[in-house]
Every structure is written in C-alpha cells, then in structure tokens.
Amino acid sequence: MIFDSGIFPDPVICLCAAAGTIALSGFPGLFLSRSPGTGQRVAALLSVLASLTGLAAAVGLLLVPRSETWLLDWNLPFGPCELAADPLSALFLIPVFLICGCGSLYALAYWPGEANRRTEPALTFFFGLLSASMAFLLLARNGVLFLSAWEIMAISGWFLLVTEHRETEVRKAGIVYLVATHTGTVGLFILFAQLRAATGTFVFPPLHSLDPAAGASVMFLAALIGFGAKSGLMPFHIWLPSAHANAPSHVSALLSGVMLKMGVYGMLRTLFFFRAPLPWWGILLLVLGGASTVLGIVFASAQRDVKRLLACSSIENIGIIYLGIGAGVYATATGNAPLALLCLAGALLHALNHSLFKPLLFLGSGAIIHAAGTRELDRMGGLSRRLPWTSAFFLVGSVAICGLPPLNGFAGEFLLYFSFLSEARSAPVPWMALLAPLLALAGGIAVASFVKAYGVAFLGAPRTQKAARGHESKWPMLAPMALLAFLCILFGVYPQPLVRLAESAAGSVLPWPIVPEWRVASRIPLEFLTGVWAFLLGGCLLAGILYFRRIRALPVAASETWGCGYLAPTPRMQYTGASFSEILTGLFAGAVRPSENVPAIEGPTPHASHYRFSPTESLLERGILPALSWVAGSFSLLRRFQHGQMNVYMLYIFVTLFLLMIWVP
Amino acid sequence: MAAIVDMVVHLLLVILMPPLLLGVIGKTKALFAGRVGAPFLQPYHDIIRLFRKGSVFSRTTTWLFRAGPVVTLAATATAALLIPFGNHEAPVSFAGDAILFAYLFGLGRFFTTVAALDTGSSFEGMGAAREVTFSCLAEPALFFALVTLARVSDSLSLSTMLTRVSADIWIGEGASMLLLLSGLFIVLLSENCRIPFDDPNTHLELTMIHEVMVLDHSGPAFGCILYGAAMKLFLLGAFFMNVALPFKSGSAAGDWAFFIFSMIALAVAVGVVESVMARLRLVRIPQLLVAATVLTAFSMLLILR
C-alpha cells in the first residue's frame, strides 16, 4: 500500500498533520482584515490540500485494516496523551475530511469575505477548528483528551451557528444548542469518570476488555445521554432542527453530515469497550432509533423551511443508523455474529452515505436560499429554470436520501432490510422483522417529504418576484455539490467499495474474528444489484431515445398548464408545500401538532384573508409544560384509548398478542 | 434451453399482456352495467394511437416533465424482471430482490409525482400529494407480507418466496394466508389506483389521484404512462395471484397457461369490485390502508406462532 512505500511515514502522523493544518487554516485570516477574502482563500486552499491528505490516510487505514498508535509523551496529570487510528475512527474520518474540504471551498462563493467583512474571518476560523476538533476527537484515546476535543467541537459549533447573531431566531437556536450540548456533556463526564473508576486510568481501555458488570449499565446510559444528545437521537433531538436551520448552509452541511456522526462514533466506541454488550442496550437503542426514524421524517414532512426539513430528516437518518446499531448490539449480545456484522455494516454504510447526500442537500439549499432570498419553501418555485445545475444536484440528493435505487441511499437501507428480513427466516421469535415495515413506512414518508421539497422549490412557476430573478451559483459552490452528487451516483451504482470500508470497520469492533462466510459480499449478491442498475439505466436510455425520437417526429405545441378551464391562473394558485403535506400532517397530527390559523369565510363576497400554518417543535414547545400538566391529566389517560377508531383497536390487539407471545413461553 | 424459453415467455408476457387486463376490467364493468363495452383489445389501440399523436407541453415544464414517464416505465420494466410468473422463476433472482422490487416502484412514484409538480398546476399537486401519502401507508403492508412470505419460504428472493407457496402451505396456514391475501388485495387496488381508492374513469379532477397527476401529459408521454400503469397492475397482480392460486400443473406449458388464466381471473375480480363498490371518501382511504397493514401484520403473527 501507499504507506508501505514510504510516501507517508505513518498514517496517524499524517492524519494529525492534516487535522492540525485544518485547525490553523483560518488563523491567518484573523489578521488579514486589510484585504478581505485573502484569508478565506488561503484557508480554502489549506483545507482542501489537508483534506486530500487526510482522506488518503483514512482510506488507506481501512483498506488494510489495522490500528496505529502514536503516544505523545506529555507529562500531564491525566495520563499519557494517546492518539490512535483504527478502522472505526478511520471510517468516521472520511466524512470529516471530505465535507471540510467541500465546505471551505463552497464558503468562497457562499459567504465571500469581500461582502461579509465582519463575520467572515471568525466563520472561516471556527469552520477549520470544528473540522479539526472532530478529527482529533476520533483519534483521541484518552478520556480527557476526548472531552477537550468534544468541547472545542461543541463551542466552535456554537460560534458558527450564531454567525448571524443579530437575528433573534438565531440567538434562540444558539441558546437551545448550548444548553442541549452541555447537558449531553454531563453524561460524558459521568461516563469517563466511571471508566476511570473501572480501569484506573483515563486512557481508553482496549476493545472488549471490560466486563459488563454492575457499573456497565450506568456507563451505557451516560453514554446514551451524551452521545445521543450529540447525534440528535430522540428524545434528545430538541436542539437539532433550529440549530441546523439557522447556521450558514456549509456549516449546516458539516453539522448535519459529520458532527451528528461523532455521537454515533462515541456510542459505538463505548459499546465495544465491553466484552459483550447487554441485550437490553440493543433493545433500548432500537426503540429510540425506531422512534427517531418515524417521527423524524414525520416532522420533516410537515416543515415549511427547507433547511428545517433537511434537519428533521437528519433525525430520521440518525434513527436508521441507530436501528442498525441497536440490532447489531442485540445480535452481538446474543452471539449471532453474522447478523451483528451485517447490521453494523449496514449502519456504518448508511452513516457514510448520509454524510454524502445530506451535505449535498444542505449545500444545495444554500444555493436556493441565495437565489430566492428566503428559506420558506412556499415562497420559492420554478428555480430549476434559473438554477439548472443546482436543481440537478438537489434532485440527485433527494432521490438518494429517500433510499431509492440506484443511488447510494438504497445500498445502506438494503443491507439493513436484508438483515431484518433474514432474521425473519430462521429466528424463533423474529421480532427484528418488525423493523422492516417500520423502515418502509419511513421510506414512504421520506419520498413524500422530498418530492415536496424538490417539487415546491424547483418546479412549477416562481411564486415571488425574487424567486423569478434568482441566479445560478458560482463554481466554488457548484463544484462541491457536483463532487458529492457524483459520489452519490457512483456509490449507488457500485456500492462495493463503501460496503467494504463499512464492513471492515464493523468487523474490527466485533468480538469475533470475521469468517469469510459472514462477509457481506458472500451473503448479499451486490453484483446483481449493479447488474439491475445497468438494466435500469439501459431501460431508461432505450425508452428515452425511442420516446424523444417519437416526440420529434410528431407535432409539438406549447401552451399553458391545463387549469381545468380556468382562464386566469396565477403562480400563487399553485399547490404549496403546506398543502402538499396537509393529508400526511393530518394523519400524524398527534406528533406534529401544527398550529393553524384558518380564516372564517363569510358572505357571498368574502374579504381577503390569510391562512397560516406552522409545525411546532413538539417536544421542545410542548415537552416541559405537558410534563407538569401530566399529573392532572393522568386520570383521564384511560379515556384516550377509547376513541372509536376500529383500526387502532385492531392494532392494540396485535400489540398485546405480540407482547404476550414474547413473554409467555 | 427450458430456462431460455421461460425467459422469452416471461418477457413476451410482460410486454404484451398488461393492456389486456385493462380491457378485461373494462369489459367486466360493461357487462355489469348492461352495456356491450369496448373490445378487449381497446387499450392496445389506445396506447398505439397515443404513440402516433403529437404532444402539447406546458410552458412551465422542464426536462423532468419529459423524463418522468420514461423513468417510471423503465423502473416498472426493471421490476418486471424480478417477479416470477406462475410456477416459473423470474429472469433475475437473487437474495434480497424482494426489497428492490418494492423500491423500484418507489422510484417510479418519485418521478411521476415530481413530473406532476413540474406543471405548477394545483390539481396535479393535489394528485401527487395524495399519491405519496397513500402509498407510504401501503408500503408497511407490503413489507409485512414480505416478512410472512420470507418466513414461509425461508428465502429472501421473490422467485423462491412466491413459487414455494403451495397448496400444503394453504392447508397448514390457511388463516394466515387468507389474512395476507386480503391485505395484499387492498394494496393491489390502492397501488394501482382502482376503486375503492381512486376511480380511473371519473370525470372530476378534484376527486382523482393517479389520473389527475398526468393531466398535462399527452401523446407518446401519456402512452408511456398508460402502458406503465398497466404493467404495474400486471406485476402486482402476478405477485397476488402467485400467493392466491399456488397451483402447479407439473408441465411448463400448463403452468404458463394457468398463469395467464389466473391473471384474467384477477382482472375480472377487479372489474367486479369496481362494479359493485363505490369510491371511498378520501378521508376513509388511510383507514383502509392501515387496516391492510394490520391484516398483513396479523398474518405475520399467525405464521410466527
């Protein structure tokens, strides 16, 4: 490999150097206030170069799975400063470097220093710092070092988030974020204190070295609070939508595509400190993951703000990742090694895929927000004519995030479906098979959400003057999107390389040596998938060519859209995002609780009136007060189960029977 | 050799037979209404005529509007390779193709609805919203059915899943199979926008689902859509009939003949449902779909017992 040939002395040093360069990339810009934009260009150049180096080192570590340790002899009270890279950290380093490079290039046109003299230097500086702190966090093998990197990450994330701090909404989002992240950090303090009590040192114990004894569950719960809060797992997701919506778009891409995964990484790292995780850990993760999956995408489907929609869909994707992790942990605990490998590989593959398409969508949303001057979907429309490239890239991201073939989102979900369904074949009580319909429901709602996001923003006629005058972005914004869209297509049609990376990381944490028969490639015929894609693309091409030749041979006329006979349609009469998701929001009104203001229409010639719809942050806005009024309402709780809806009653019967089946031997 | 013959017959059936189902449904409905009805082959004439017609494109639309029908048709045709007909294996089968089968329809739906939104018409937006909402409720039912079938057949490949359903399984697990079948029939009707979910022949745009999404398509594009919709009915119908009538004649030709017969029987059944039932109110549709999910979930529960 390249490392053996001596080009790179040591992958860990390589990774550290890359991360260090990124950390300092924004530093010169702080002192170059005389020539705005110079510092930003320097930072972009440094970040892109360092990212390429880091990516090469991380991928190299995964291709030949091994661990490298680098001990810094640092005489500090908390023990040796150990930095190490193993396949698990290498896997998570890939998105860090990829999105950091893409984001810093994107910022050149999105947040140019010339036009934002006040905010740009700090934004560039903290962007580098955030990326670098995440890289160091992944390399740290000492609790205190880990927590330091964690705090730098959290705080620089906050500084990035409040870039536009003159707006009230941004400040509010910042405070919620700060409180949430520090509540999570408390959990981590407990975790690392417990770890130190168990091992006598702050240095991380090796994989599978701890006994899952009495204190283990405390550690697990502490980790769940700390890492769950960071990754936006329900019910710790309250900070996520507003934080990701209010940050500048390339920051949202980094926060959503990469920072959430730091929680996932921490969780995995902690879980596999133990010789064998306990089964109920897996079940708890599955329950929270399942709730995040369905509710996350339900919230997304109701949003009006494009970035809030994307942020809520991150909750869904994190849920899917945790579904895989939970299933993998349960399988590890019960000794089902092949299933554990498949589930964990699926979860990690989905994590990698999510860090391709979610940043792509956030970068795309930045472009359309620039063009339309608003984040409100219902004030956009018709942007695909003015922004053809952004439109195409956003479409790729939308199809990928719905998990539709042949893009990369499908590959990760396919692995998870496969593991859930294969459980159904043989296990005595295959309760994991229940997750397949759950995932299918979430997939269906994802299609609804992203058809809405894409359709309302890009298609139809412009709803406002501003949207009609939008302009295509400059190349520094388009190039990162093009790269990510290309990767989404490539790893959708040919997922084998990513599957291999994910599998190598998953295999490295499992307490068993991996037998060839367990490998994903020998269980799932991925090459068949590629064959089917070839068929699909071939079919599209063939049908397309025939169809366009047919159209060309025949007369073609242009006219207005058929309005069912109405003669004076205006763009404002188009279906809006709120109307698009109305039925779905109605079905899940219990979760979304939209606040509506429905005007009364009176008389034969009603006056002009106004309809307003806004989804609420249910848990945040309703979580605390309802907790208090719960006591009062608890006696009327029984009444709520008796509402006369037949199909829900049938569901009760089903759930009861199913639980009975599990409990009664 | 037999495999090649099977593949050729499979492809011929997929290409040629779908519009016939529409013809049979139409004829059945006509009989119920006491009319003579259009000939069985009328849908073929309709599709061919559409491919000879010129097109009208709205000025609002972009390339997606033109690409939508093509991608949808290609996705449906790809799904056609994965599903076995009668007792014959599908041309392409591998472990996990059942998941792909379900998701290919998702891809088609994505592009149909996006093409509908491309026109900027609120009617078409309405149809697209209904389509995505109702289908996301039908999806869990389909996956519960897949879990049941995976359990019954000990396989994740549609070819094995569906061809292994036999009379023995029906005798042993009759209750479960019956529940599965009723859930699947609801999914079949809703996914193909038949009564009681949607009326393909209604005259009022406000009440339609599928037809309103394609209001602006004309000429060859509309031909593609009609043909794709017929093919989708054919494929999901084949899925359903494989479970419903697992009859094995012992000879290849007999199996093919029986399959064709069973598909026509299905079309008659759909026609009968359409003749004796009215369309449901829109608010009732989600309830029926949830009921379908619960039915298939029950069938899974019984099979696990």
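Since the model is a prediction, treat every value here as computed from it, not as a measurement. (Residues numbered from 1 in each chain as written. Chains lettered and ligands numbered in written order. Predicted model: local features only at pLDDT ≥ 70, side-chain atom pairs only at ≥ 80, totals over all residues. Heavy atoms only, no water.)

I keep staring at the packing of helix α4 (residues 87-110) of chain A against helix α19 (residues 475-493) of chain A and nothing clicks. Help me out?
Helix-helix packing: each pair is described by the crossing angle between the helix axes and the interaxial distance. Residue and element names in this part refer to chain A. With their axes 6 Å apart at the nearest point, α4 and α19 run at an angle of 150° to one another. When the interaxial angle is binned, α4 and α19 end up roughly antiparallel. Together, L98, I99, C102, L105, Y106, L108, A109 and Y110 of α4 and W475, P476, M477, A479, P480, M481, L483, L484 and L487 of α19 make up the contact between the two elements. (Axes fitted to C-alpha atoms, helices over the stretch in contact; angles between N-to-C directions. Helix = DSSP H or I, 4+ residues; strand = E, 2+ residues; numbered from the N terminus. Parallel < 35°, antiparallel > 145°, perpendicular 65-115°, else oblique. Contact = heavy atoms within 4.5 Å.)

Sorry if this is basic, but what is going on with the interface of chain B and chain A here?
A common way to report how large an interface is uses the accessible area buried once the components associate. Tallying the contact residues gives 80 residues for chain B and 83 residues for chain A. Contact between chain B and chain A buries roughly 7,200 Å² in total, counting both sides, with carbon and sulfur atoms accounting for 77%. At the junction of chain B with chain A, the criterion picks out two salt bridges. Here A:E560 ties to B:R59 by a salt bridge, and the two come within 2.5 Å at their closest N and O atoms. Linking chain B with chain A are 22 residue pairs in polar contact (both at pLDDT 80 or more). Secondary structure elements with two or more residues in the side of chain B that touches chain A: β1 (55-58), α4 (63-80), α5 (97-117), α6 (122-153), α11 (219-244) and α13 (284-304) of chain B. Broken down by element, the side of chain B that touches chain A gets its largest block of residues, 19 residues, from α6(B). Of the residues in the side of chain B that touches chain A, the class split is 50 nonpolar, 19 polar and 11 charged. (Buried area = accessible area lost by both parts, 1.4 Å probe. Salt bridge = Lys/Arg side-chain N within 4 Å of Asp/Glu carboxyl O. Polar contact = N/O pair within 3.5 Å; in protein donor to acceptor, adjacent residues only side chain to side chain. Nonpolar A, V, L, I, M, F, W, Y, C, P; charged D, E, K, R; others polar.)

What am I meant to see in the pattern of salt bridges here?
Opposite charge on two side chains allows them to pair when their charged atoms are near. All names here are of chain A. Applying the stated rule across the entire model yields 17 salt bridges over all chains. One salt bridge connects R275 with D211, and the closest N-O pair in it is separated by 2.5 Å. Within this pair, whereas R275 is found in the loop between α10 (249-271) and α11 (279-302), its partner D211 is found in the loop between α7 (168-199) and α8 (216-231), the two being separated by 64 residues in sequence. With a relative accessible area of 44%, R275 lands in the partly exposed category. (Buried < 20%, exposed > 50% of the residue type's maximum accessible area, 1.4 Å probe, protein only.)

Hey, could you run me through helix α2 (residues 18-33) of chain B in this one?
It helps to recall that an α-helix has 3.6 residues per turn; residues three or four apart then point in one direction. Residue and element names in this part refer to chain B. The end-to-end C-alpha distance of α2, which contains 16 residues, comes to 24 Å, matching closely the 22 Å that a straight helix rising 1.5 Å per residue would cover. Of the residues making up α2, those classed as buried are P18, P19, L20, L21, G23, V24, I25, K27, T28, K29 and A30. Tucked into the core, α2 has its buried residues touching α1 (2-16), α3 (42-51), α11 and α12 (252-276). G34 lies just past α2 and shows a positive phi near 75°. (Expected span 1.5 Å × (residues − 1).)

Please explain the confidence of the model for chain A as it appears in this structure.
Low-confidence regions, as indicated by low pLDDT, have predicted coordinates that should not be scrutinised in detail. Residues and elements named next belong to chain A. The share of residues in chain A with pLDDT of 70 or more is 95%, and the mean pLDDT across the chain is 87. Within chain A, the element-level pLDDT minimum falls on helix α26 (residues 618-633), averaging 61, and the maximum on helix α15 (residues 388-401), averaging 95. Across residues 1-8 the pLDDT falls below 50, and counting only partners more than four positions away or on other chains, this stretch makes 13 contacts in the model. (pLDDT = per-residue confidence, 0-100.)

So what exactly am I meant to see when it comes to the packing of aromatic side chains here?
Each aromatic ring pair is described using two quantities: the centre-to-centre distance and the angle formed by the ring planes. Within the structure shown, the criterion is met by 46 aromatic pairs over all chains. A centroid spacing of 5.4 Å and a plane angle of 75° characterise the contact between A:F27 and A:F31, whose relative ring orientation is edge-to-face. A relative accessible area of 61% places A:F31 in the exposed class. Among the aromatic side chains, those forming a connected cluster through ring pairs are A:F410, A:F414, A:Y417, A:F418, A:W533, B:Y103 and B:F143. Lying across the ring of A:W239, A:K230 places its NZ or CZ 5.9 Å from the centre. One residue, B:K27, lies across the ring of B:F40, its end atom 5.5 Å from the ring centre. (Phe/Tyr/Trp six-rings, centres within 6.5 Å; stacked < 30°, edge-to-face > 60°. Lys NZ or Arg CZ within 6 Å of the ring centre and 35° of its normal.)

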